[in-house]
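If you want the building blocks of each chain, they are given just below.
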Amino acid sequence: MASHSPIPQLGLGTFGRTGDDGIAAIETALDVGYRHLDTAQSYDTERTLGAAFRNSGLNRDDVFITTKVADTNLSATDFMPSVRKSLETIGVDQVDLLLIHWPVPEEVVAFETYMEALKRAQDDGHARLIGVSNFTIAHLERAAKLLGPGSLATNQVEIHPWLQVPTLRDYARSAGLQLTAYQPLVKGQVAEDETLKAIARELDTTPGAVALAFLMAEGHIVIPASSSRKISRTISERPV
Ligand SMILES: NC(=O)c1ccc[n+]([C@@H]2O[C@H](COP(=O)([O-])OP(=O)(O)OC[C@H]3O[C@@H](n4cnc5c(N)ncnc54)[C@H](OP(=O)(O)O)[C@@H]3O)[C@@H](O)[C@H]2O)c1
């Protein structure tokens, strides 16, 4: 299924890409063609992402940037200051996509509190698109009732060849909601998967590229992480 999402279907996950090595890894990814970068308040990579983006010399419009509000910043008092701090740390006026990283129990912060704050962040111009992460179908239905159908651009969840979440996938398709697959390479373990290795041999590519091609054919956005120029290039040049 082809993607018609406003979110580029291939993005770079930046978890673990901190410090100078992190900046270099993200710069490499931009150099080989990635135009979508995924960070979060809790990754400590908002700064490295911003530095790599500026070093790349690319225009702001050329690169799609996602960040996520941490579960510790979901209260009415903490939400908006944390978003403004993210923008300052990345060094941009607006992110392309702002996500709730994880839902929290009602007794910690009410669902309505952080979902309405998310919408306000969009209305205030801090985020072009809004979405969620690690939401169940029940959370998504509640969000659609609260904010209206189509308000959310994506639900970012763990999806890979070993975890295909067909029930959530079918729900998302029927609701017109794009899923973003995190840990699409099972943290590198796809390289040892015998089925993916056999397909990769036949197609003269890598098991990682096969895994991503499969997920993208399912219609998902994918955000693999890599610090390797060779791997980044293989994936960005021929994911399918
Ligand atoms: N929303 C959430 O709650 C959530 C949770 C987890 C992750 N995420 C996002 O998802 C992104 C991706 O997840 P992830 O980084 O945990 O896991 P991943 O993308 O599944 O795997 C990354 C690891 O795989 C290795 N690798 C890359 N390409 C490979 C290939 N072709 N063959 C074999 N190994 C390969 C990389 O090693 P090298 O660096 O050595 O290349 C890296 O250590 C994160 O960076 C983050 O942005 C979101």
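One structure accompanies this document, and this report is about it. Bear in mind the structure is a predicted one, so any value in this text is a computation, not a measurement.

1. Here we look at the site of the ligand
Reasoning step 1: Among the 28 residues in the neighbourhood of the ligand, the closest are listed as Arg17, Asp38, Ser133, Leu185 and Ser226.
Reasoning step 2: For the ligand, an oxygen atom lies 3.0 Å from a polar atom in the backbone of Ala225.
Reasoning step 3: The separation between an oxygen atom of the ligand and a polar main-chain atom of Ser227 is 3.0 Å.
Reasoning step 4: Here the ligand, which alone exposes 900 Å², has 82% of that area covered by the protein.
Reasoning step 5: Class assignment of the residues belonging to the shell around the ligand gives a composition of 12 nonpolar, 12 polar and four charged.

2. Describing the sheet that holds strand β7 (residues 178-182)
Strands pair in a sheet through their backbones, by hydrogen bonds, and they do so in one of two ways: parallel or antiparallel.
Reasoning step 1: Taken in spatial order, the eight strands make up an open sheet running β1-β2-β3-β4-β5-β6-β7-β8, and their pairing is parallel. A strand with exactly one partner marks an edge of an open sheet, and here the two such strands are β1 (12-13) and β8 (221-222).
Reasoning step 2: Of the pairings in the sheet, the one linking strand β3 (residues 64-69) to strand β4 (residues 95-100) comprises four bridges and is parallel in character. Bridging from a neighbouring strand, Val69 pairs with Ile100 of β4.
Reasoning step 3: Helix α4 (residues 111-123) rests against β4 and β5 (127-133) of the sheet, and its axis sits at about 160 degrees to β5.

3. Remarks on the layout of surface pockets
Reasoning step 1: Here the second largest pocket defines a volume of roughly 250 Å³.
Reasoning step 2: Gly150, Leu152, Ala175, Gly176 and Leu177 are the residues nearest the centre of the second largest pocket, which is lined by 15 residues in total.
Reasoning step 3: When contributions to the lining of the second largest pocket are tallied by element, the ones reaching two or more residues are α5 (137-147) and α6 (166-175).
Reasoning step 4: Residues that form the lining of the second largest pocket fall into these classes: nine nonpolar, six polar and no charged.

4. Details of the nonpolar core
Reasoning step 1: Phe79, Leu98, Ile100, Tyr114, Met115 and Leu152 are the most contacted members of the largest nonpolar core, which has 61 residues in total.
Reasoning step 2: When residues in this core are grouped by element, the largest group, six residues, is from α4.
Reasoning step 3: Beyond its immediate stretch of four places on either side in the chain, Leu98 contacts Thr67, Val69, Phe79, Val83, Leu118, Ala121, Ala127, Leu129, Ile130 and Gly131.
Reasoning step 4: By size, the runner-up hydrophobic cluster in this structure holds seven residues, among which are Phe64, Leu97, Ala153 and Ile221.

5. Overview of the environment of Ser42
Reasoning step 1: Within the fold, Ser42 resides in the loop between β2 (36-38) and α2 (46-56).
Reasoning step 2: Among the residues examined, Ser42 registers a relative accessible area of 47% and is labelled partly exposed.

6. Focus on the pairing of strand β6 (residues 154-158)
Reasoning step 1: Counting buried positions over the five residues of β6 gives four, a clear majority of the element.
Reasoning step 2: Across two bridges, β5 lies against β6 in parallel orientation. Bridge pairing in β6 places Val132 opposite Asn155.
Reasoning step 3: After leaving β6, the chain enters α6 and then returns to the sheet as β7, a path that is right-handed.

Reading the values: the criteria
- Position labels on residues start from 1 in each chain and follow its written sequence.
- Local features in this predicted model are restricted to residues whose pLDDT is 70 or higher, and side-chain atom pairs enter the listing and the counts only when it is 80 or higher, whereas totals over whole chains, interfaces and linings include all residues.
- Heavy atoms from the whole structure form the basis of all side-chain values; hydrogens and water molecules are not counted.
- Here a residue is considered near a molecule or strand provided that any single heavy atom belonging to it is located within 4 Å of it.
- What qualifies as a polar contact is a pair of N or O atoms within 3.5 Å, subject to a donor-acceptor requirement within protein and to the restriction that residues adjacent in sequence count only when both atoms come from side chains.
- The method behind every accessible area is Shrake-Rupley, applied with a 1.4 Å probe, and residues are considered shielded solely by the protein chains displayed.
- Each residue receives one of three labels: charged for Asp, Glu, Lys and Arg, nonpolar for Ala, Val, Leu, Ile, Met, Phe, Trp, Tyr, Cys and Pro, and polar for the others, Gly being one of them.
- Strands pair, by our definition, only if DSSP identifies at least two bridges between them.
- Numbering goes from the N terminus for both helices and strands, where a helix is a DSSP run of H or I of at least four residues and a strand is a run of E of at least two.
- Contacts between residues were defined by any pair of non-hydrogen atoms, one from each residue, lying within 4.5 Å.
- Orientation is described by axes fitted as lines to C-alpha atoms, over the contacting stretch for helices, and by angles from 0 to 180 degrees between their N-to-C directions.
- Buried and open spaces are told apart on a 1 Å grid over the protein atoms alone, a cavity being a set of points where a 1.4 Å probe fits but cannot get out and a pocket being an open set with protein on both sides within 12 Å along at least five of seven lines. Residues with an atom within 4 Å of a point are the lining residues.
- Grid points are joined across faces, edges and corners, and a volume is the space filled by probe spheres set on the points.
- As used in this record, nonpolar core signifies buried Ala, Val, Leu, Ile, Met, Phe, Trp, Tyr and Cys residues forming a set joined through side-chain atoms within 4.5 Å.
- Burial status follows relative accessibility: with a 1.4 Å probe on protein chains alone, a residue under 20% of its type maximum counts as buried, one over 50% as exposed, and anything between as partly exposed.
- Look down the strands so they point away from you; if the path from the first strand over the helix to the second goes clockwise, the crossover is right-handed.

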